[in-house]
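Chains, contacts and geometry: an overview
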Amino acid sequence: MGTAPFGPFADPRLDPIAGKVEANGRLSFSDGLLVATTPDLLGVGRIANLVRERLHGDVAYFNVNRHLNPTNVCVASCALCAFAEKYGGARGWTYTVDQAVEVAARDVTETVTELHIVGGLHPKLGVDYYEALFRALKLHFPWVHIKALTMVELDFLAQRSKLSVEEIVGRLTAAGLDSCPGGGAEIFAERVRAQICDHKTSGERWLEIARTVHRLGLRSNCTMLYGHIETPEERVDHLIRLRELQDSTGGFQCFIPLAFHPANTRLDHLAPTTGKLDLQTIALSRLMLDNIPHVKAYWIMLGAKTAQVALHFGADDLDGTVVDERITRAAGGEAGAGMARRELEHLIGEAQRVPVERDTLYRELPTPPEIRRISRTNP
Ligand code: V47
């Protein structure tokens with residue numbers, strides 16, 4: 001029999017999990033494994049939704065953002081990646097600072113609140129390039145939050161410049177860096193990293209750099225790439241390692257499960273993720289990460305349809321308008337052109353959630369009057 005208010009579960013093994021969650025208890029590794037592997041998708045969805053509504057009620061967040069990839073040139077050659085190009089390769093690009101500002105200026109209007117900036121590990125770009133880039137972007141778009149550079153990129157910059165991560169982060173913050181995105185975490189288990197990403201940052205090192213970033217006062221996000229060669233045990237282990245770090249720093253604001261896209265990668269023999277795995281991973285994340293406030297259903301990787309349903313499986317955020325996304329597009333994703341604010345609001349509203357625009361730090365933003373007018377005339 002199920003535990004009130006849930007009613008019976010198709011998989012009765014979920015009963016004690018629901019009981020623990022209702023009592024605000026923490027799920028163990030074996031609880032997580034059950035949540036990750038049960039055939040009862042709707043059961044885990046209902047439990048995750050309880051947590052999601054306890055934290056955020058009916059609200060679903062989105063933001064108005066643009067991606068900017070100053071370079072795709074990368075010294076690593078990760079099997080999971082379709083975005084990177086070797087130095088000197090025909091598909092490579094590297095913007096000068098002026099070119100990067102020009103690309104951003106194409107669509108950074110006053111309604112854009114965030115630039116999401118990541119790129120390859122370029123052998124010739126040092127910390128001075130990123131300092132100049134952030135300074136120029138702040139000069140042109142002073143209202144925009146710069147969320148830039150993964151733990152892997154910070155590690156690479158530190159090694160390349162023979163400086164500590166503290167020094168790199170200090171210099172970049174002085175130049176305009178406001179927070180860090182969550183990429184590059186992939187799966188922490190070394191068995192998997194050895195096969196899917198040969199960049200040198202280990203799982204341990206990724207966590208160590210995140211700890212440093214938080215200690216220096218910056219917020220960051222965290223991710224998990226799933227749906228390739230990892231086991232459910234490795235997924236749960238990844239989440240527990242993030243939870244442990246969050247217990248200690250409190251610096252993660254959002255977790256984003258990233259659905260692997262195999263096209264154009266060296267793992268293109270793998271099948272794309274299924275709807276069940278996508279939704280179950282959202283629910284698993286919400287249930288295991290009891291100390292990270294937000295779980296993002298990144299519509300670019302999930303597709304808008306699954307992301308909408310994920311708002312009832314534990315997710316409270318869809319990310320944003322995401323103009324000019326290139327990493328997923330390179331791997332066969334079809335959403336690179338971005339989504340209008342009105343479409344995001346419609347997706348959220350149709351899912352019976354209340355759309356709330358946020359900034360990168362999850363502060364609620366008032367709807368600008370001109371947007372209110374447009375929304376009224378074009379519902
Ligand atoms: O680090 C790379 C992953 C990440 C593929 O912090 C792939 O708010 C799927 O981290 N299929 C970049 N995934 C995206 C990312 C992100 C996205 C949105 C918001 C935030 C945030 C962070 O994408 C990479 C890597 O883990 N990735 N290749 C691929 N073929």
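Below is a short write-up of the structure. These numbers come from a predicted model, not from an experiment. (Residues numbered from 1 in each chain as written. Predicted model: local features only at pLDDT ≥ 70, side-chain atom pairs only at ≥ 80, totals over all residues. Heavy atoms only, no water.)

**Some points on the pattern of salt bridges**
Inspection of every chain in the model, using the stated rule, returns 25 salt bridges. Of the charged contacts, one joins Asp 290 and Arg 26 as a salt bridge, the two residues approaching to 2.8 Å between their closest N and O atoms. One end of the pair, Asp 290, is in the loop between helix 11 (275-288) and strand 8 (294-295); the other, Arg 26, is in the loop between helix 1 (14-22) and helix 2 (29-37), with 264 residues separating them in the sequence. Classification of Arg 26 by relative accessible area gives partly exposed; the value is 36%. Between Glu 166 and Arg 215 there is a salt bridge, and its shortest N-O distance comes to 2.8 Å. In this pair, Glu 166 sits in helix 7 (residues 165-175) while Arg 215 sits in helix 9 (residues 203-215), placing the two residues 49 residues apart along the sequence. Within this structure, Arg 66, Asp 107, Asp 324, Arg 326 and Arg 329 form a network of salt bridges that share partners. (Salt bridge = Lys/Arg side-chain N within 4 Å of Asp/Glu carboxyl O. Helix = DSSP H or I, 4+ residues; strand = E, 2+ residues; numbered from the N terminus. Buried < 20%, exposed > 50% of the residue type's maximum accessible area, 1.4 Å probe, protein only.)

**Details of the environment of Lys 147**
Mapped onto the secondary structure, Lys 147 falls in strand 4 (residues 145-148). Take Lys 147: its relative accessible area is 2%, and that puts it in the buried class. The residues contacting Lys 147, other than those within four sequence positions of it, are Glu 114, Leu 115, His 116, Ile 117, Ser 179, Cys 180, Pro 181, Asn 221, Lys 296 and Thr 360. Separated by 3.4 Å, the side chains of Lys 147 and Glu 114 make a polar contact. (Contact = heavy atoms within 4.5 Å. Polar contact = N/O pair within 3.5 Å; in protein donor to acceptor, adjacent residues only side chain to side chain.)

**Thoughts on helix 2**
Residues of helix 2 that are buried: Asp 31, Gly 32, Leu 34, Val 35 and Ala 36. Packed against the buried residues of helix 2 are helix 1, helix 3 (41-56), helix 10 (232-249) and helix 11.

**A word on the packing of helix 9 against helix 10**
The N-to-C vectors of helix 9 and helix 10 enclose an angle of 20 degrees; their axes lie 11 Å apart at closest approach. Here helix 10 runs roughly parallel to helix 9, going by the angle between their axes. Note on packing geometry: the crossing formed by helix 9 with helix 10 is right-handed. Together, Glu 204, Trp 206, Leu 207, Ala 210, Arg 211 and His 214 of helix 9 and Arg 241, Leu 242, Leu 245, Ser 248 and Thr 249 of helix 10 make up the contact between the two elements. Of the residues belonging to the contact of helix 9 with helix 10, the class tally is 5 nonpolar, 3 polar and 3 charged. (Axes fitted to C-alpha atoms, helices over the stretch in contact; angles between N-to-C directions. Parallel < 35°, antiparallel > 145°, perpendicular 65-115°, else oblique. Left-handed = near helix turned anticlockwise from the far one by under 90°. Nonpolar A, V, L, I, M, F, W, Y, C, P; charged D, E, K, R; others polar.)

**Concerning the sheet that holds strand 9 (residues 317-320)**
Two pairing modes exist for strands in a sheet, parallel and antiparallel, and in both the strands are linked by backbone hydrogen bonds. Spatially, 9-1-10 is the arrangement adopted by the 3 strands of the open sheet, whose pairing is parallel. Two strands in the sheet have a free side with no partner beyond their single neighbour: strand 9 and strand 10 (354-357). Pairs of neighbouring strands in the sheet enclose a mean axial angle of 25 degrees, with direction left out of account. Where helix 15 (residues 341-350) meets the sheet, it contacts strand 1 (59-63), strand 9 and strand 10, and its direction lies at approximately 165 degrees from that of strand 1. (Pairing = 2+ DSSP bridges.)

**What to know about the site of the ligand**
In the neighbourhood of the ligand, 23 residues make up the surrounding shell, with Lys 147, Gly 182, Gly 184, Glu 186 and Lys 296 lying closest. Contacts to the ligand include Leu 80, whose backbone N or O atom sits 3.0 Å from a nitrogen atom. One nitrogen or oxygen atom from the side chain of Asn 221 is found 3.0 Å from an oxygen atom belonging to the ligand. Contact with the protein chains covers 95% of the free accessible surface of the ligand, which is 610 Å². Looking at the shell around the ligand, the elements with two or more residues in it are strand 6 (219-226) and strand 7 (252-259). Here the shell around the ligand is composed, by residue class, of 11 nonpolar, 8 polar and 4 charged. (Near = heavy atom within 4 Å. Areas by Shrake-Rupley, 256 points an atom, 1.4 Å probe, with all protein chains shown as cover.)

**Details of helix 1**
Along an α-helix, residues three or four positions apart point the same way, because every turn accommodates 3.6 residues. All of the buried residues in helix 1 are Leu 14, Asp 15, Ile 17, Ala 18 and Val 21. Taken around the axis of helix 1, the buried residues stretch over an arc of 165 degrees, which confines them to a single face. Looking at the buried side of helix 1, the elements it contacts are helix 2, helix 3 and helix 11. Positive backbone phi, approximately 60 degrees, marks Asn 24, located one or two places after helix 1. (Arc of directions from axis to C-beta.)

**A look at the packing of helix 3 against helix 11**
Contact geometry of helix 3 with helix 11 gives a least axis separation of 9 Å together with a crossing angle of 45 degrees. Here helix 3 lies oblique to helix 11, going by the angle between them. With respect to the hand of their crossing, helix 3 and helix 11 are arranged in left-handed fashion. Seen from helix 3, the contacting residues are Leu 41, Val 44, Gly 45, Ile 47, Ala 48, Val 51, Arg 52 and Leu 55; seen from helix 11, they are Lys 276, Leu 279, Gln 280, Ala 283, Arg 286 and Leu 287. Taken together, the residues of the contact of helix 3 with helix 11 break down into 9 nonpolar, 2 polar and 3 charged.

These figures capture arrangement, not role.
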